[in-house]
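# Structural characterization, general
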Amino acid sequence: MEVAVLVGEDGEPLYWHAPAENSSVSIPDSTELWAQIWEHRERLRGIAHSHPGDGFASPSHEDITTFRAIELALGRSLMWWITTKEHAVTIRLCGPNPLDFSYLHLDAERESLPRWLNELRKRSKYDNE
């Protein structure tokens, strides 16, 4: 199932979001999630979420429009991460068009992975932990 985590400037989780109504295809909009984003807005570095499966992680159109809406509401850019069972990416909205983005595949052999990544995968019920 899809799960999200708000990540602080120090790289530590600020809030885990796994509502009962989430599924393998989406995390439903939630007043609680938006309240947590707003509460942590000064310390928020970014938001990560999981996608089902084991292929390469890639943002959907809904992901990108959600990223853009959150950044507009906060008035600043964030880091965005998406993970699958085996792969993870970091995403940044980069312009010049409002929904243009770039992403970088994270590779454990070349860089240290975020400390919260395995926990996100565990909470997403991936079975490789």
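Before going into details, it helps to say that this report is about the structure given with it. (Residues numbered from 1 in each chain as written. Predicted model: local features only at pLDDT ≥ 70, side-chain atom pairs only at ≥ 80, totals over all residues. Heavy atoms only, no water.)

Following the sequence through the fold, arginine 115 ends up in the loop between strand E6 (101-106) and helix H3 (117-123). Note: C-alpha distance between arginine 115 and glutamate 12 (103 residues apart in sequence) is 7.6 Å. The residues contacting arginine 115, other than those within four sequence positions of it, are Asp10, Gly11 and Glu12. (Helix = DSSP H or I, 4+ residues; strand = E, 2+ residues; numbered from the N terminus. Contact = heavy atoms within 4.5 Å.)

What follows covers the sheet that holds strand E2 (residues 13-17). If you trace the 6 strands from one edge of the open sheet to the other, you get E2-E1-E3-E4-E5-E6, paired in mixed fashion. Each end of this open sheet is capped by a strand with a single partner; those strands are E2 and E6. Averaged over all pairs of adjacent strands, the angle between strand axes in this sheet comes to 20°, irrespective of strand direction. In this structure, strand E3 (residues 44-50) lies alongside strand E4 (residues 79-83), joined through 5 bridges in parallel fashion. In the strand pairing of E4, histidine 49 is matched with isoleucine 82. In this fold helix H1 (residues 31-39) packs onto strand E1 (4-8), E2 and E3, with an angle of close to 175° to the strand it touches most, E2. (Pairing = 2+ DSSP bridges. Axes fitted to C-alpha atoms, helices over the stretch in contact; angles between N-to-C directions.)

All right, on to helix H2 (residues 61-74) then. Taking 1.5 Å of rise per residue, 14 residues should cover 20 Å, and H2 covers 20 Å from first to last C-alpha, within 8% of that figure. Inspection of H2 places Asp63, Ile64, Phe67, Ile70, Glu71 and Leu74 among the buried residues, and these make up the whole buried set. The arc enclosing the buried residues of H2, seen along the axis, measures out at 130°, which places them on a common side. The exposed set on the far side of H2, more than 90 degrees from its buried face, consists of His61, Glu62 and Leu72. Here the buried face of H2 lies against H1, E3, E4, strand E5 (88-93) and E6. (Expected span 1.5 Å × (residues − 1). Buried < 20%, exposed > 50% of the residue type's maximum accessible area, 1.4 Å probe, protein only. Arc of directions from axis to C-beta.)

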